[in-house]
Amino acid sequence: MQKHIPLTANWVVENVPVDIWRTIFDILITQLRAPDPDSDPTQAALILTHVCSSWRTIASNTPELWTDVDVCIVSEEEKGSSPGTDQPSLNLHTLCLVLRNARHVPLTMKLQSEPPLVPSQCDLKLIQCFLEEMHRAKDLTVDLGILDRLQLLDKSLFDDITAKAQPAPQLTKLSLRVADNVVPFPPILSTSWSPAPFLRSLLLNGAAGVVLDDVLGLKTSQFPFHQLTTLEIDTNVSTEAFFSLLSTTPSLQSGIFKKIEGEAPAEDSTATPICLPFLQVLQMGGDCWETEECPPLTDLLPFIKAPQLTTLKLQKDRRISVDAFETFIQNSSCELKHLHMDIEESHQVEKIECLKLLPCLESFDISTLSKSQRDRRDANYVREVLTTAMTEWDGAKREFVICPKLKKIKLDYGALANTDTTIFSDMVEARWERSGRSNEFEVEIERMGVLLIDKNGKSPNCDSETMRLLQLQESGLNLKHDLEFIWGAVILQ
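Because the structure is predicted, anything quoted here is derived from the model rather than measured. (Residues numbered from 1 in each chain as written. Predicted model: local features only at pLDDT ≥ 70, side-chain atom pairs only at ≥ 80, totals over all residues. Heavy atoms only, no water.)

K.L.:
Any details on the overall build of the protein? Residues and values, ideally.
P.N.:
Each helix and strand counted, the protein has 17 helices and 20 strands in total. Of the contacts made within the protein by residues no fewer than 6 positions apart, 78% connect residues no fewer than 24 positions apart. Element-wise, carbon and sulfur atoms account for 52% of the exposed surface of the protein, whose accessible area totals about 24700 Å². (Helix = DSSP H or I, 4+ residues; strand = E, 2+ residues; numbered from the N terminus. Contact = heavy atoms within 4.5 Å. Areas by Shrake-Rupley, 256 points an atom, 1.4 Å probe, with all protein chains shown as cover.)

So this is what it looks like as structure tokens:
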């Protein structure tokens, strides 16, 4: 009779093939990155090396686990803070370990400081190590203020690192935090893109904002604007810098500009529109309350020609010009499919006239990014004039007069002028019915608030629009909302 020998406690660790462990480790790191791009996979990889000698050997010989190099310069107070507070993700010893274990795999590298501060003497070796290995990056983030302060702190070291700088031939994405007075861009950085044949994405941010001098500085540094397909300015950008950037990026497919400041070109300007033949997504932001700083965004559109544009987002704008919008659509001859109109002072008739120009529109978003409460006199409210126009039916063509291909409507609930009526839900029902009650027709509503439901399952304080929309959802309407239900509430009449 054969005896059953019990397995030892570490049998699995010793007998599972190395490739299986590598796959498991890779899944772990991937799952860490997915929910939070700012998570620290390197710390997870380090933990794996402390479980046992076998795991340490496997993890240390799996370069894909060590591709995140995140150096964050913090103040002396934070360095000495108690465990549990934010610490710099890498010290010099760990940085050298990560770079060694990564072998020749392209890296995601970040050099930043929170908040912006002057590096201390003990940070210099860490920064030096990062900069000397920067040529290995495929995704690179650099705080230009750190380079500027390093030059002031130790110019000899800065010049030595600059002399050793190498191009980053595998670089595909570059993110720069712009700082004051860092023009032209330091050679220690510009060498990274000289050449960088696969560079396609540029992100600029920073409290200083982006002005024309910053763009000219990049041009002087021979930045390959002509290669870019993605451009994001996640800070204020002047109108001069905005148009200069567009004029130098002929291959652009996606352009995102958080807040455009300055003056629009004169209406009688004879300037030829900037042609962006591959642009598909254009997102422009302003500030509906700072009327002296930000131009009406539609006033900028006539100076752009984008025949392939499918998505246009105008966010936190303050006024709409139908003539300017029409000029843009005519110049571009594009088939716009997705439109976000977050415009504070846009009247219903103006919206209707714009929508009439968009027969191919599939999604219409009129949600607002402004956190302030709407004024009840606000022109941006959805009123009966708009909802009635959107239900007008052309019997001869057997389609809606406005946006016949519309499949999705999105808004914040506060945009409805009067929720004691059902003008919005009636329009939704009409378009849904004409679609054959298709599940492809979708309504998304944000900031619906809270619905109190008593112990009898009734909500006497529910307004008419909410009640009708929930009834339509019960009938099969594809409705997405954030309404919070509180059951068993005591409702005072």
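K.L.:
For the packing of helix α6 (residues 92-101) against helix α7 (residues 124-132), give the residues involved together with the corresponding values.
P.N.:
Running from amino to carboxyl end, α6 crosses α7 at an angle of 15°, the nearest separation of the two axes being 9 Å. As the angle between them shows, α6 and α7 are arranged roughly parallel. Judged by the twist between their axes, the crossing of α6 over α7 is left-handed. Touching Leu92, Leu95, Cys96 and Leu99 of α6 are Lys125, Leu126, Cys129 and Phe130, all from α7. (Axes fitted to C-alpha atoms, helices over the stretch in contact; angles between N-to-C directions. Parallel < 35°, antiparallel > 145°, perpendicular 65-115°, else oblique. Left-handed = near helix turned anticlockwise from the far one by under 90°.)

K.L.:
So what's going on with the side chain of Thr141? Residues and values would help.
P.N.:
Tracing the backbone through its elements, the reader meets Thr141 in strand β3 (residues 137-143). Accessibility expressed as a relative area gives 17% for Thr141, which makes it buried. (Buried < 20%, exposed > 50% of the residue type's maximum accessible area, 1.4 Å probe, protein only.)

K.L.:
Residues and numbers for a nonpolar patch on the surface, please.
P.N.:
On the surface, Val450, Leu452 and Ile486 cluster together into a nonpolar patch covering about 220 Å² of accessible area. Tracing the backbone shows Ile486 in strand β20 (residues 484-487). The class of Ile486 is partly exposed, set by a relative accessible area of 33%. (Patch = residues over 30% accessible without salt bridge, like charges linked within 9 Å, V, L, I, M, F, W, Y side chains within 5 Å. Salt bridge = Lys/Arg side-chain N within 4 Å of Asp/Glu carboxyl O.)

K.L.:
Quick one: what's the story with the environment of Glu465, residue by residue and with numbers?
P.N.:
With respect to the element layout, Glu465 can be found in helix α17 (residues 464-474). What makes Glu465 buried here is its relative accessible area of 0%. Taking the C-alpha atoms as reference points, Glu465 and Asp420, 45 residues apart in sequence, are found 6.5 Å from one another. If near-sequence neighbours (up to four positions away) are discounted, Glu465 is found in contact with Tyr413, Leu416, Asn418, Thr419, Thr421, Thr422, Ile423, Phe424 and Ser425.

K.L.:
Please give an account of the pattern of salt bridges that cites residues and values.
P.N.:
Evaluated as defined, the whole model comprises 18 salt bridges. Its salt-bridge partner being Glu353, residue Lys356 comes within 3.5 Å of it at the nearest N-O pair. Assessed through its relative accessible area of 48%, Lys356 is described here as partly exposed. Given a relative accessible area of 34%, Glu353 falls into the partly exposed group. Residue Lys407 is joined to Glu440 by a salt bridge in which the shortest nitrogen-to-oxygen separation is 4.0 Å. Taken together, the positions of Lys407 in the loop between β15 (399-400) and β16 (408-412) and Glu440 in the loop between α16 (423-434) and β17 (442-446) put the pair 33 residues apart, joining distant regions of the chain. Judged by relative accessible area, Glu440 falls into the exposed class, the value being 56%. Among the charged side chains, a network of salt bridges with common partners joins Lys408, Lys410, Glu442, Glu444, Glu446 and Lys480.

K.L.:
Could you give an account of helix α14 (residues 348-355), with specific residues and numbers?
P.N.:
Along α14, the residues classified as buried are Gln348, Lys351, Ile352, Cys354 and Leu355. One side of α14 carries all its buried residues, which in axial view fall inside an arc of 165°. Buried residues in α14 make contact with α13 (322-332), β12 (338-343), β13 (363-365) and α15 (384-389). (Arc of directions from axis to C-beta.)

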